[in-house]
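An overview of the molecular structure
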Amino acid sequence: MTFRILFILLFIPFLSFAQRSIPEHGGMWVHDEANVLSAQTKAELETILKAERDSTSNQIAVLIIPSLEGDALEDYSLRVAEKWKLGQKDKDNGVLLIISINDKLVRIETGYGLEGALTDALSSRINRNEIAPRFRQGDFDGGVKAGVLAIMQAIKGEYKNDAPPPRKKSRKNSPLITLLIIVAIIILASRRRGGGGGGGWSSRGGWIGPIGGFGSGSGSGSWGSGSDFGGGGGFGGGGSSDSW
């Protein structure tokens, strides 16, 4: 037992040294240490993520590294998320999209408060269907952008990729169904003649298409400064790791 303790104590410095260092966030939402993103894409993503924070309070950050340097992706991702303190302390609404280029690995790390919307299964779909195909073609700009937008959609409950195809319904209606339809039409027509309330359909701003842009009905506003980065959100290892 004593020998084992001495052995562990001797190798603790080497184990800690083997862990990859965590960069300072510097108040920025997009960190590209591998230099695979264009300046235009980084600026666009920075704008999108700041707007997302101001409109929803959710904090989504992107970290791209050349290599994990032997570290485990899940451990490193969790350490980064905790050090950067993504998300608000009372909401735990932070997300980290981390990509290791040489290892060909990508992970979505999800804060406690968003695990119900951005589930592990949805995170895996986003990695496999939006990010990985573009990365395999060398399109890192498109892959990261598609991943970020899909994460935002998933949080809003609007990411529908991989949905099962609808079943074909039979066109044969029974006489009872036909009778019910006729009765419903008569009731609706009588209510309209009676001058019912003036309700109607209302549209709302939002996403365009499955991976389109995003809209806002609130007009322009201040996106704040980098000092608002991180609020002490908690993480418990939720998310998904995938390769391309």
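Here the structure is a predicted model, which means the values were calculated and not measured.

Rules used in this analysis
Residues numbered from 1 in each chain as written. Predicted model: local features only at pLDDT ≥ 70, side-chain atom pairs only at ≥ 80, totals over all residues. Heavy atoms only, no water. Helix = DSSP H or I, 4+ residues; strand = E, 2+ residues; numbered from the N terminus. Buried < 20%, exposed > 50% of the residue type's maximum accessible area, 1.4 Å probe, protein only. Areas by Shrake-Rupley, 256 points an atom, 1.4 Å probe, with all protein chains shown as cover. Contact = heavy atoms within 4.5 Å. Phe/Tyr/Trp six-rings, centres within 6.5 Å; stacked < 30°, edge-to-face > 60°. Pairing = 2+ DSSP bridges. Right-handed = clockwise from strand over helix to strand, strands pointing away. Core = buried A, V, L, I, M, F, W, Y, C linked by side-chain atoms within 4.5 Å. Salt bridge = Lys/Arg side-chain N within 4 Å of Asp/Glu carboxyl O. Axes fitted to C-alpha atoms, helices over the stretch in contact; angles between N-to-C directions. Parallel < 35°, antiparallel > 145°, perpendicular 65-115°, else oblique. Nonpolar A, V, L, I, M, F, W, Y, C, P; charged D, E, K, R; others polar.

**Let's talk about the overall build of the chain**
Within the chain one finds six helices and five strands. Along its sequence from the N terminus, the chain presents helices and strands in the succession α-β-α-β-α-β-β-α-α-α-β. Among the 244 residues that make up the chain, the fraction classed as buried is 38%. Just so you have it, the chain exposes about 14500 Å², and 57% of that area is on carbon and sulfur atoms.

**So, the side chain of Thr 41**
Relative to the assigned elements, Thr 41 resides in helix H2 (residues 39-56). By relative accessible area, which is 6% here, Thr 41 ends up buried. Among residues more than four places away in sequence, those in contact with Thr 41 are Asp 141 and Lys 145.

**Re the packing of aromatic side chains**
What characterises a pair of aromatic rings is the spacing of the ring centres plus the angle enclosed by the ring planes. Counted under the stated rule, the structure contains three aromatic pairs. Judged by centre distance (6.5 Å) and plane angle (75°), the rings of Phe 140 and Trp 244 are edge-to-face. Of the two residues, Phe 140 sits in helix H5 (residues 140-156) while Trp 244 sits in the segment after strand S5 (235-243), which places them 104 residues apart along the sequence. Summarising the burial analysis for this pair, Phe 140 and Trp 244 share the class buried. Through successive ring pairs, a cluster of aromatic residues spans Phe 135, Phe 140 and Trp 244.

**Considerations on the environment of Asp 141**
Counting through the fold element by element, Asp 141 comes out in helix H5. Sequence separation between Asp 141 and Gln 40 is 101 residues; the distance between their C-alpha atoms is 9.3 Å. Residues within four places of Asp 141 in sequence aside, it is in contact with Val 36, Leu 37, Ser 38 and Thr 41.

**Some remarks on the pairing of strand S3 (residues 94-100)**
A large share of S3 lies buried, amounting to seven of its seven residues. Residue alternation in S3 divides its side chains into two sets, Gly 94, Leu 96, Ile 98 and Ser 100 and Val 95, Leu 97 and Ile 99, and both sets are buried. In this sheet, S3 lies alongside strand S2 (residues 59-65) in parallel orientation, the contact comprising seven bridges. Residue pairing in the sheet places Gln 59 in a bridge with Gly 94 of S3. Handedness of the β-α-β unit built from S2, helix H3 (residues 73-84) and S3 comes out right-handed. As paired strands, S3 and strand S4 (residues 105-111) are joined by six bridges and run antiparallel to one another.

**Here we look at the nonpolar core**
If you look at soluble globular proteins, the nonpolar side chains tend to sit buried side by side. Among the nonpolar cores identified, the biggest contains 47 residues, and Leu 96, Leu 97, Ile 99, Ile 126, Val 144 and Ile 151 are the most heavily contacted of them. Contributions of two or more residues to this core are made by H2, S2, H3, S3, S4, helix H4 (120-136) and H5. With nine residues, H5 is the largest single contributor of residues to this core. Those residues in contact with Ile 151 that sit more than four places away from it in its chain are Ile 60, Val 95, Leu 97, Ile 108, Leu 118 and Ile 126.

**Here we look at the pattern of salt bridges**
Applying the stated criterion to the full structure yields six salt bridges. We note a salt bridge from Asp 71 to Arg 79, for which the minimum N-O separation is 2.7 Å. Taken individually, Asp 71 and Arg 79 each receive the classification buried, so the pair is uniform in this respect. Of the charged contacts, one joins Arg 134 and Glu 130 as a salt bridge, the two residues approaching to 3.7 Å between their closest N and O atoms.

**Points about unusual backbone geometry**
In the Ramachandran plot, Lys 85 falls in the positive-phi region, its phi being about 55° despite a non-glycine side chain. For Lys 85, the position within the fold is in the loop between H3 and S3. What makes Lys 85 partly exposed here is its relative accessible area of 46%. Here the phi dihedral of Asp 92 falls at roughly 50°; this positive angle occurs in a residue that is not glycine. The topology assignment puts Asp 92 in the loop between H3 and S3.

**Focus on the packing of H2 against H5**
Across the interface, H2 lies against H5 with an axial gap of 10 Å and an inter-helix angle of 10°. Here H2 lies roughly parallel to H5, going by the angle between them. Note on element contacts: H5 touches H2 through Asp 141, Val 144, Lys 145, Val 148, Leu 149, Met 152 and Lys 156, opposite Thr 41, Glu 44, Leu 45, Ile 48, Leu 49 and Glu 52. Taken together, the residues that form the contact of H2 with H5 break down as seven nonpolar, one polar and five charged.

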